[in-house]
Amino acid sequence: MRRSKLRLKTIFKITRAIINEKPLAFRGRPKTYSDAFIISIFLYQTLKNLSYREALEEAFDILGRRPALSTYHYRVSKFPKQSLKILLQELARKLLAKEHHLFSFISDGTGFSYHDLYPLKFLRGSEIRKVKAHIRVVPIIGVTSSGKRIVITAETGGPYASEVKLLLEALTEIDPVTFKAECLIADKCYDSLKVMEKLVELGLKPAIKVKETFRQKVKHPLRKDSRIFWEKWGRNRYLIESLFGTVKLKIGSHFRVRKEEIAQKRGLAAFVLYNMYLLATFLYISLLLKNYFRTLSYVR
């Protein structure tokens, strides 16, 4: 994932093509800048880890227009997280249309810090658990038969949020008709009967590592099946860990914001940018091939 591949014009072009603008309300002033325009600047700001003022300055240099600082800050705080989830899922649909088949889903949780960065560098033990300036993100990625990873959906929560609850919320966002796979792979953090029952309801085999000790054996049929599927497919869980490394290497693991709500949107934006990079790369390669074959036809 190269940041130079995703330019602001590319982000705005893809976002504008996906987000459908809602009709204006009867009350209040009409929007001078569309939601797609604001979200595009927000995604670019997340990609480059810029401040609000820096993002607007670069937006003016590239696009030739920008909202006022107070307007942009207000619009960012008001647009819902669901807009980013819709953008993430629509990008996944477009990418999946090129692959046609998903082999498996993989899920795990990761965290991003915000605001209080420096105390995390010297706190140790139980003291570090009192720091609340971080968020939790639980994405679900799809692995295609060719090995490509696509982020299907994601759910965010506050510090120390239950990853089981976040995964259950993310599973409700999956359309079983559009996104079909063999199984969902996850570690023993998600060893929950509610999760396994939801997976069966979606037509997925649970490949979750179950908690088992010498004295406490696995008894429930779903957990027994999950243990078998984990032994078969669990080794592929590293694919989501390496994806986290790719995203954080390019975008970073710390957001320069003060509010938790904005930090959660940044967490979703990080995975939107990953999908957008895949789509932009595919479109770029398609354009090169098209020009190449057109050149050959001229030569003949």
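Residues numbered from 1 in each chain as written. Predicted model: local features only at pLDDT ≥ 70, side-chain atom pairs only at ≥ 80, totals over all residues. Heavy atoms only, no water.

By the naming in an unreviewed UniProt entry, the protein goes by Transposase IS4-like domain-containing protein and is assigned to Thermosulfurimonas dismutans.

In this fold, Thr110 is placed in strand S2 (residues 110-114). A relative accessible area of 6% means that Thr110 is categorised as buried. (Helix = DSSP H or I, 4+ residues; strand = E, 2+ residues; numbered from the N terminus. Buried < 20%, exposed > 50% of the residue type's maximum accessible area, 1.4 Å probe, protein only.)

Let us now look at the pattern of salt bridges. This model, assessed by the stated rule, comprises 14 salt bridges. One salt bridge in this structure joins Arg136 and Glu163, with 3.6 Å as the shortest N-O distance. Linking Arg136 in strand S3 (residues 134-144) with Glu163 in helix H6 (residues 163-171), this pair joins segments that are 27 residues apart in sequence. In this structure Arg136 comes out as partly exposed when scored by relative accessible area, which is 22%. Residue class for Glu163 comes out buried when judged on its relative accessible area of 15%. Across the salt bridge formed by Arg237 and Asp187, the nearest N and O atoms sit 3.7 Å from each other. In this pair, Arg237 is assigned in the loop between helix H8 (221-233) and helix H9 (238-251) and Asp187 in the loop between strand S5 (183-186) and helix H7 (193-201), connecting sequence segments 50 residues apart. Across the pair, exposure class does not vary: Arg237 and Asp187 are buried alike. Members of the salt-bridge network, linked through shared partners, are Asp108, Asp187, Arg237 and Glu241. (Salt bridge = Lys/Arg side-chain N within 4 Å of Asp/Glu carboxyl O.)

All buried positions along H6 are accounted for by Glu163, Leu166, Leu167, Ala170 and Leu171. The arc that holds every buried residue of H6, seen down its axis, measures 140°, which confines them to one face. Next to the buried residues of H6 lie strand S1 (102-107), S3, strand S4 (149-157), S5 and H7. (Arc of directions from axis to C-beta. Contact = heavy atoms within 4.5 Å.)

Let us now look at the confidence of the model for the protein. Within the protein, residue pLDDT values average 85, and 85% of them lie at 70 or more. Under a pLDDT of 50 for its full length, residues 286-300 has, in the predicted model, zero contacts with residues more than four places off or in other chains. (pLDDT = per-residue confidence, 0-100.)

A few words now on the packing of H6 against H7. For the pair H6 and H7, interaxial distance at closest approach is 10 Å and the crossing angle is 15°. Of the possible angle classes, the one that applies to H6 and H7 is roughly parallel. Between H6 and H7 the crossing geometry is left-handed. When H6 is examined against H7, the residues Val164, Leu167, Leu168 and Leu171 are found in contact with a partner set consisting of Lys194, Val195, Lys198 and Leu199. Across the contact of H6 with H7, the residue classes tally to six nonpolar, no polar and two charged. (Axes fitted to C-alpha atoms, helices over the stretch in contact; angles between N-to-C directions. Parallel < 35°, antiparallel > 145°, perpendicular 65-115°, else oblique. Left-handed = near helix turned anticlockwise from the far one by under 90°. Nonpolar A, V, L, I, M, F, W, Y, C, P; charged D, E, K, R; others polar.)

One finds Leu43, Leu87, Phe105, Leu171, Phe271 and Met276 to be the most contacted residues of the largest nonpolar core, which totals 96 residues. The element best represented in this core is helix H10 (residues 260-299), accounting for 14 residues. When residues of this core are assigned to domains, at least three fall in each of domain 1 (1-22 + 31-79) and domain 2 (80-298). Sequence-distant contacts of Phe105, defined by excluding residues within four places in its chain, comprise Ile140, Ile141, Gly142, Ile152, Phe179, Ala181, Cys183, Leu184, Ile185 and Leu204. (Core = buried A, V, L, I, M, F, W, Y, C linked by side-chain atoms within 4.5 Å. Domains from an automatic or database assignment.)

The two faces of S5 match: Cys183 and Ile185 on one face and Leu184 and Ala186 on the other face are all buried. Here two bridges tie S1 to S5, and the two strands are oriented parallel to one another. Its bridge partner being in S5, Phe105 is matched across the sheet by Leu184. Alignment of S5 against strand S6 (residues 205-208), held across four bridges, turns out to be parallel. Note on S6: the bridge partner recorded for Leu184 is Pro206. Each parallel crossover has a hand, and for S5 linked through H7 to S6 it is right-handed. (Pairing = 2+ DSSP bridges. Right-handed = clockwise from strand over helix to strand, strands pointing away.)

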